[in-house]
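# Architecture at a glance
Single-letter residue listing:
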Amino acid sequence: EAAWTLSSAKPGNGVEQLRDDNFETFWQSDGSQPHLINIQFYKKMRIKELHLYCDFKRDESYTPSKISIKAGSGFHDLREVKLEELDEPDGWVRIDLTTKESGNNLQGSANTYYLRAHVVQIAVLSSHQNGRDTHVRQVKIFGPRQSSTKGFGTELSRFLTQDFVMFSCLR
């Protein structure tokens, strides 16, 4: 769970609409840029990616064109981790927040590092057609998937035969 706040919102177009899983509703900012979405976790979280649903066809000048993702342990130490340019987005915009370091593990393949933060801030820096306010229809934030067998002393997902796969999860 997390606490979600916005820098501003028109009445009836706030956090609830941003998170209601309905593409017909949206957050609409009401103020000067940058427009901010703040996500404050109760403990430090590993974060894999962020998804925003934007619809240029319906929102036109309200559609974000440049966003900045910042993260930190609090609002006092936020640092930019990603800057994205959006070109007339229509649907889910996926923003990968992982970093990869090549060739350092035993198999010689890349290690994946997840963003770790208490606070994530999405800043809409500009909108298409020099729009003043912004519409974001949905935001989702994802952590890494964990194996359902982690902590049982063995990684059951390594088993590939049908006999073992049948019993690889507990109900």
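For the structure, check the block above.
Residues numbered from 1 in each chain as written. Predicted model: local features only at pLDDT ≥ 70, side-chain atom pairs only at ≥ 80, totals over all residues. Heavy atoms only, no water.

### Overview of the sheet that holds strand β5 (residues 64-72)
The strand order across the open sheet formed by five strands is β1-β3-β10-β5-β6, and the pairing between neighbours is antiparallel. Only two strands of the sheet have a single neighbouring strand rather than two, namely β1 (2-6) and β6 (79-85). Taking the axes of each pair of neighbouring strands and ignoring which way they run, one obtains an average angle of 15° across the sheet. (Pairing = 2+ DSSP bridges. Helix = DSSP H or I, 4+ residues; strand = E, 2+ residues; numbered from the N terminus. Axes fitted to C-alpha atoms, helices over the stretch in contact; angles between N-to-C directions.)

### Let's talk about the packing of aromatic side chains
All chains considered together, the criterion is met by three aromatic pairs. Plain terms: the ring middles of Phe23 and Trp92 are 5.8 Å apart, the flat faces sit at 75° to each other, and that makes the pair edge-to-face. Here Phe23 is found in the loop between α1 (15-18) and β2 (27-28), whereas its partner Trp92 is found in strand β7 (residues 90-96), with 69 residues between them in sequence. Classification of Phe23 by relative accessible area gives partly exposed; the value is 31%. Using a relative accessible area of 41% as the deciding quantity, one classes Trp92 as partly exposed. Centroid distance Tyr53 to Trp92: 5.3 Å. Interplanar angle 75°. Geometry classified as edge-to-face. Pair noted here: Tyr53 is in strand β4 (residues 49-55) and Trp92 is in strand β7, with a separation of 39 residues, a long-range link. An aromatic cluster is defined as three or more aromatic residues linked by ring pairs; in this entry it consists of Phe23, Tyr53 and Trp92. (Phe/Tyr/Trp six-rings, centres within 6.5 Å; stacked < 30°, edge-to-face > 60°. Buried < 20%, exposed > 50% of the residue type's maximum accessible area, 1.4 Å probe, protein only.)

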